[in-house]
Amino acid sequence: MNDLALYGGTPVRTKPFPHWPVFDDAEEKALVEVLRSGQWWRYSMGEAIDPKCAVEGAQSKVGEFQKQFARALGAQFGIACTTGTGAIEVVLKSMGIGPGDEVIVPPYTFVSTATAPMLIGATPVFCDIDIATLNLDPSRLEEAITPRTKAVMPVHFAGLAADMGAILEICSRRGIAVIEDACHGHGGTWNGRGLGAIGLAGAFSFQASKNMTAGEGGLIVTDDAQLAELCESHIWVGRKVGRPWYEHHYLGWNYRLTEFQGAILLEQLRRLPQQTAKRQANAFYLTEQLKRISGIRPLEVPSYATGHAFHIYVFRFDEREFGMSRAEFLQALTAEGIPASAGYAHPLYRNPLFQNPSLGRDYSRFGALCPNSERSCQEMVWLEHRVLLAERKDMDDIAEAIQKVSRAVARIPSSRP
Ligand SMILES: Cc1ncc(COP(=O)(O)O)c(C=O)c1O
């Protein structure tokens, strides 16, 4: 163990990995342009549905961005909003979902997948994940469906497409809508179709960690014109295109994105294809290196996941086989200059939020129902997507650092847990 950086040895790497977000003069120019224009907010409602009926007819940055984003995915309508959480809330509310309704979600995800339904009065019902993909397991879906189920919301976790074929088959047979939480999915595809544009609607986030960002931001995509119109109205305090400004038809939020964010996101979208290609190439190369190391199990990519967005590079860490606890491994790896983390500490239903008696629901029962989510919270290791924006030789450093820790452990057999 003595040569490990954790114990004073020389680290494999001292050079930092690329910083995120990536930006240059293009973002700066776009921001200054908005600043000088004096049009800092988007007053042109209606662009999402029909550019001709935009209020004032002005071409806004947000209007242009939502159009380009939807087009890149192959979706008809894109409706921008302030956050990914808001995008999920808005789409569910626009579908008429509310108190008494249930939305099926996986528990191995960010909290908003479950709390966005709760914020509009609906109840999240957890369905376990597939141990091989970390995505909602379609073979467990039917048992989670009840007469109150109004939507199923798979997450394309880490940018890997959920098994949409099987999920859509079950949901269309049972008359249930599929809404995609595509907050990790920018640039990913399922059987060639853009993630987020497969079910009735998809929700995206542009929060700081995401593969495209304006610090914060969100967006809904759908092909359903009526749903798009309602979503836009809910984002615009219940206004209707063509009706007086101070006439409000629905109980809506003010979830509009600013023009500064729209301007940045247009530039971020321009970079996305090239960045996605780089992340994929580096991730697949890294997988080839890592799968040779005992106890390290990169995830398989099913053939339907034609384009992996690699929002996170994840691998399973087998403590017994590797010979070290995951916590020690993460410490050792970080000391070698490779930033890595354990990801979610527990499945969503174990958050204190779900233990509040005022919810009137026993969420603790999901512990027994979701063994794969429980296990994955104990076993996964995450690398941020910015790491994949480095060069191929930098991937060798990651593999070398893990090999180094593995070799050090092998020299001390007694350290095996
Ligand atoms: C899977 C998932 N869903 C929803 C969200 C919510 O997005 P936001 O942070 O923009 O509200 C996130 C963001 O972290 C996410 O990772």
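Residues numbered from 1 in each chain as written. Predicted model: local features only at pLDDT ≥ 70, side-chain atom pairs only at ≥ 80, totals over all residues.

1. With respect to helix α6 (residues 164–174)
In step 1: Among all positions of α6, only Met164, Ile167 and Cys171 are buried. Along the axis of α6, the buried positions cluster into a sector of 65°, meaning they face one direction only. Facing away from the buried side of α6 by more than 90 degrees, the exposed set consists of Glu169, Ser172 and Arg173.
In step 2: Buried residues in α6 make contact with α5 (141–144), β4 (149–152), β5 (177–181) and β6 (189–190).
In step 3: Two residues or fewer after α6 comes Gly175, characterised by a positive phi angle close to 70°. (Buried ≥ 20, exposed ≤ 12 C-beta atoms within 10 Å, placed from the backbone. Helix = DSSP H or I, 4+ residues; strand = E, 2+ residues; numbered from the N terminus. Arc of directions from axis to C-beta. Contact = placed C-beta atoms within 7 Å.)

2. Some words on the environment of Gln268
In step 1: Structurally, Gln268 is set in helix α8 (residues 259–290).
In step 2: The class for Gln268 is buried, based on 26 C-beta atoms found within 10 Å.
In step 3: For the pair Gln268 and Ala26, spaced 242 residues apart in sequence, the C-alpha separation works out to 9.4 Å.
In step 4: Leaving out residues up to four positions away in the same chain, Gln268 has contacts with Met212 and Thr213.

3. Digging into the site of the ligand
In step 1: The full set close to the ligand counts 14 residues, and Thr83, Gly84, Thr85, Phe110 and Ser205 are the nearest of them.
In step 2: Listing elements by their share of the shell around the ligand, those giving two or more residues are α3 (84–94) and α4 (112–119). (Near = placed C-beta within 6 Å.)

4. Examining the sheet that holds strand β12 (residues 380–384)
Where strands meet in a sheet, backbone hydrogen bonds hold them as pairs that are either parallel or antiparallel.
In step 1: Read from one edge to the other, the open sheet built from 3 strands follows the order β10-β11-β12, with strand pairing classed as antiparallel. Each end of this open sheet is capped by a strand with a single partner; those strands are β10 (296–298) and β12. Neighbour to neighbour, the strand axes of the sheet diverge by 30° on average, direction disregarded. (Pairing = 2+ DSSP bridges. Axes fitted to C-alpha atoms, helices over the stretch in contact; angles between N-to-C directions.)

5. Focus: the domain arrangement of the protein
Quite often, the size of an interface is put as the accessible area lost when its parts meet.
In step 1: In terms of domains, the protein is made up of domain 1 (25–269) and domain 2 (272–415).
In step 2: Summarising the inter-unit geometry, the C-alpha centres of domain 1 and domain 2 are found 27 Å apart.
In step 3: With 36 residues of domain 1 at the interface, the matching set in domain 2 holds 32 residues.
In step 4: Of the residues that constitute the side of domain 1 that touches domain 2, the class distribution is 16 nonpolar, 15 polar and 5 charged. (Domains from an automatic or database assignment. Nonpolar A, V, L, I, M, F, W, Y, C, P; charged D, E, K, R; others polar.)

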